[in-house]
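Residues per chain are reported as follows:
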Amino acid sequence: MSIEQLNLKGKKVLMRVDFNVPLDADFNVTDDTRIQAALPTIQHVLEQGASLIIMSHLGRPQKKLNEDGSINKTKFTLRHVVQPLSELINRPVQFVEDTVGKVVEAKAAALQVGEVLILENTRFYKEEKKGDEAFAKGMSVLADVYINDAFGTAHRAHASTATVAQYFDKENKSFGFLMNKELNNAKKLTENPARPFTAIIGGAKVSDKILLLEKLVDSVDNILIGGGMAYTLIKAKGGQIGNSLCEDDKLDVARALLAKAAEKGVEIYLPEDSVVANKFANDAEQKVVASDSIEEGWMGLDIGPKAVTAFVEVIRSAESMVWNGPMGVFEMDNFANGTKTVAEAVTESTKDGAFSLVGGGDSVAALNHLEKADEVSYVSTGGGAMLKLLEGSKLPGVEAILA
Ligand code: AMP
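What counts and what doesn't
- Residues numbered from 1 in each chain as written.
- Predicted model: local features only at pLDDT ≥ 70, side-chain atom pairs only at ≥ 80, totals over all residues.
- Heavy atoms only, no water.
- Pairing = 2+ DSSP bridges.
- Helix = DSSP H or I, 4+ residues; strand = E, 2+ residues; numbered from the N terminus.
- Contact = heavy atoms within 4.5 Å.
- Axes fitted to C-alpha atoms, helices over the stretch in contact; angles between N-to-C directions.
- Phe/Tyr/Trp six-rings, centres within 6.5 Å; stacked < 30°, edge-to-face > 60°.
- Lys NZ or Arg CZ within 6 Å of the ring centre and 35° of its normal.
- Buried < 20%, exposed > 50% of the residue type's maximum accessible area, 1.4 Å probe, protein only.
- Core = buried A, V, L, I, M, F, W, Y, C linked by side-chain atoms within 4.5 Å.
- Domains from an automatic or database assignment.
- Near = heavy atom within 4 Å.
- Polar contact = N/O pair within 3.5 Å; in protein donor to acceptor, adjacent residues only side chain to side chain.
- Areas by Shrake-Rupley, 256 points an atom, 1.4 Å probe, with all protein chains shown as cover.
- Nonpolar A, V, L, I, M, F, W, Y, C, P; charged D, E, K, R; others polar.
- Buried area = accessible area lost by both parts, 1.4 Å probe.
- Salt bridge = Lys/Arg side-chain N within 4 Å of Asp/Glu carboxyl O.

Enquirer: Could you give me a rundown of the sheet that holds strand β7 (residues 197-201), with the residues and numbers involved?
Expert: Taken in spatial order, the six strands line up as β10-β8-β7-β15-β16-β17 in an open sheet, and their pairing is parallel. Here the strands that pair on one side only, and so sit at the sheet edges, are β10 (267-269) and β17 (378-379). Of the pairings in the sheet, the one linking strand β15 (residues 320-324) to strand β16 (residues 355-358) comprises four bridges and is parallel in character. Bridge assignment links Met321 to a residue of β16, and that residue is Ser356. Its contacts with the sheet put helix α7 (residues 177-190) on β7, β15, β16 and β17, and the angle it makes with β16 is roughly 125°. Strands in contact with helix α12 (residues 337-351) are β7, β15 and β16; relative to β15, the strand with the most contacts, it is inclined by about 155°.

As C-alpha cells, then:
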C-alpha cells in the first residue's frame, strides 16, 4: 500500500525513522538533516488525523556500555531529539522511557489525534539487532498502522525495521516519503539508466566496495576509480605504489574485477598520475608522479592533474552517474583538488541534464564540505543501504513492507 492510500484517520501510527543524529558533548543535536528528512511523512500522518508513535535507534549503545555493563542512557537516550523535533513540527512531543511494555502501552493508548510520542532507543534492547519476534510484537501492539521511513537502516533485518512489519497486514503498512524517494532514485540507475552510465568510486578501501564494483560492471559503461582504493588495483596491474594504501589480500579480487570489466567492454579508469606525499599530513612535502611509479617513502593522497582531466572528460559526457567515495584525502586542503574538481564536473553534467546520485557517507560529506549538495540530482541519506540497493541486494526493511 502506498502512504497516500493508507487510511490514517483516527488511527495510531507506529513509524520507524532514522533519528541517529550527531550530538555534541552537551547532547545537543549538531545536524538535524535526518530529522528534517522524516518531516514530510510526519506532517502527512498528523494532517490525516492520526496520532504518531515514533521509534528510532541512536548510536551504538550496546557497543559503548557503562563500566558496570549497563546501557549509557544519559548519552544514548532518544530524549535528546524531543525538543528539536518539537520545534520543527511546532507542537509538543511526548517521550516514554522504554520501547515496549505496559507503561509504553498505556502512553500509546492515551494518545489523542495529532499527538506525538517518541519511544526510547530501540537499541537499548539486544533483541533489536537480532530481529527478535517477541520484541517486535511488543512494539506492534502499540499501533494500527506501521510506516517505515528509516532508509538508513533498511539494509538491516532488525526488529523495528523489518520483523515488526509482519504483524501488520498489507493495508496497514507502507513506506514513508523518504523511503519512496530513495527507492525511486536508486531505480533510475538500476532499471534502464540513461547512457553513458558512469560510476565514480573512491574512498579508502577496495574491500568495502568490491561487491558494488563487481555489480556495477554488469550495468555501467565506465568506472572511474580514485582515492586510496585505486592503489590496490594499480598494484594488481603490476604498478609500484610506494607507501600508498593497499590491501594485499585483495589483489586477486582486483585482478578478477579488471578481467571481468575487460570481458564486458566496461572501461575502468585508474588515475594515471597522483599527488604523492612523504607523510600523511596536510603539510607534507608533495609532488606529482605516475601512479604506477611511486617510490618507497611516498604515498598517493590525491589523483593527479592528468587523472583529473581524464576523469572530468568522462563525467562531462555521462548521462547518468553514481558517485561514492572521495578521490583523495579531501579533509586535507592540499589533497582535496581531485575530489573538488570531480564534484564540480558532476554538478556541471547535472546542469546539462544528466542524472547524478551521490551516496555513501564520505562523498556526501565531501559534497557538503564543498557546498554542492544541492547541485546534484539526488543525495542519498543512507550510504550503506544505497550501496546494497546498487549492488542488487534486497533490503530487509523494504521486503518486509512488500511482504
Ligand atoms: P570511505 O569511507 O571508504 O569512502 O573512505 C573515505 C576516506 O578515505 C576519507 O576519509 C579519505 O580521506 C580517505 N582517502 C581517500 N583517498 C585516500 C588515499 N589516497 N589515501 C588514504 N586515504 C584516502
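Read on for the rest.
Enquirer: Explain the packing of aromatic side chains to me, using residue names and the numbers behind them.
Expert: Within the structure shown, the criterion is met by two aromatic pairs. Ring centres 5.8 Å apart and planes at 25° place the aromatic pair Tyr146 and Phe168 in the stacked group. Taken together, the residues Tyr146 in strand β5 (residues 145-148) and Phe168 in the loop between β5 and β6 (173-175) connect sequence positions 22 residues apart. A cation over a ring is seen here: Lys287 above Trp298, with NZ or CZ 4.2 Å from the ring centre.

Enquirer: Which residues make up unusual backbone geometry, and what values go with them?
Expert: Along the chain, Arg195 connects to Pro196 via a cis peptide bond; the corresponding omega equals 0°. Its place among the elements puts Pro196 in the loop between α7 and β7. Despite not being glycine, Glu371 shows a phi value in the positive range, around 55°. Within the secondary structure, Glu371 is located in the loop between α13 (361-369) and β17. Look at Glu371 and you get exposed, because its relative accessible area is 67%.

Enquirer: Please give an account of the environment of Leu85 that cites residues and values.
Expert: Assignment of secondary structure puts Leu85 in helix α3 (residues 82-89). Sequence separation of Leu85 and Val164 is 79 residues, and the distance between their C-alpha atoms is 24 Å.

Enquirer: Give me the lowdown on the nonpolar core, citing residues and values where you can.
Expert: Formed by 74 residues in total, the largest nonpolar core has its most connected members in Leu14, Leu119, Phe151, Ile223 and Ile225. Residue contributions to this core reach at least three from each of two domains, namely domain 1 (3-180) and domain 2 (192-390). If near-sequence neighbours (up to four positions away) are discounted, Phe151 is found in contact with Met179, Glu182, Leu183, Ser380, Thr381, Gly382, Ala385, Met386, Leu389 and Leu395. If you look at the next biggest cluster of nonpolar residues, it comprises 29 residues, including Leu6, Phe19, Ile42 and Ile147.

Enquirer: Would you mind going over the site of the ligand in detail, with residue names and values included?
Expert: Around the ligand sit 15 residues, and of these Ala204, Lys209, Gly228, Gly300 and Glu331 come closest. Within the backbone of Gly228, an N or O atom sits 3.1 Å from a nitrogen atom of the ligand. Residue Glu331 places a side-chain N or O atom 2.5 Å away from an oxygen atom belonging to the ligand. In the complex, the protein chains occlude 82% of the 500 Å² of accessible area that the ligand would expose alone. Here the residues of the shell around the ligand are counted per class, giving seven nonpolar, five polar and three charged.

Enquirer: So what about the domain arrangement of the protein chain? Which residues, and what values?
Expert: Split into domains, the protein chain comes out as domain 1 (3-180) and domain 2 (192-390). Here the C-alpha centroids of domain 1 and domain 2 sit 36 Å apart. Contact with domain 1, which involves six residues of that partner, is made by nine residues of domain 2. Surface buried jointly by domain 1 and domain 2 totals about 550 Å² across both partners, of which 73% is contributed by carbon and sulfur atoms. Contact with domain 2 buries area across many residues of domain 1, yet Phe151, His155 and Leu178 alone supply 78% of it, more than any other trio. Joining domain 1 to domain 2, the criterion identifies zero salt bridges. Where domain 1 touches domain 2, the interface holds zero residue pairs in polar contact (both at pLDDT 80 or more). The residue makeup of the side of domain 1 that touches domain 2, split by class, is three nonpolar, two polar and one charged.

Enquirer: How would you explain the sheet that holds strand β1 (residues 12-16) if you had to name every residue and give the values?
Expert: Read across the open sheet, the six strands follow the order β3-β4-β2-β1-β5-β6; overall the sheet is parallel. Strands with a single pairing partner mark the edges of an open sheet, and in this sheet they are β3 (94-95) and β6. Where β5 meets β6, three bridges bridge the pair, whose relative direction is parallel. Directly across from Tyr146, in β6, lies its bridge partner Lys173. This element, α3, spans β2 (51-55), β3 and β4 (116-118) of the sheet and lies at about 155° to β4.

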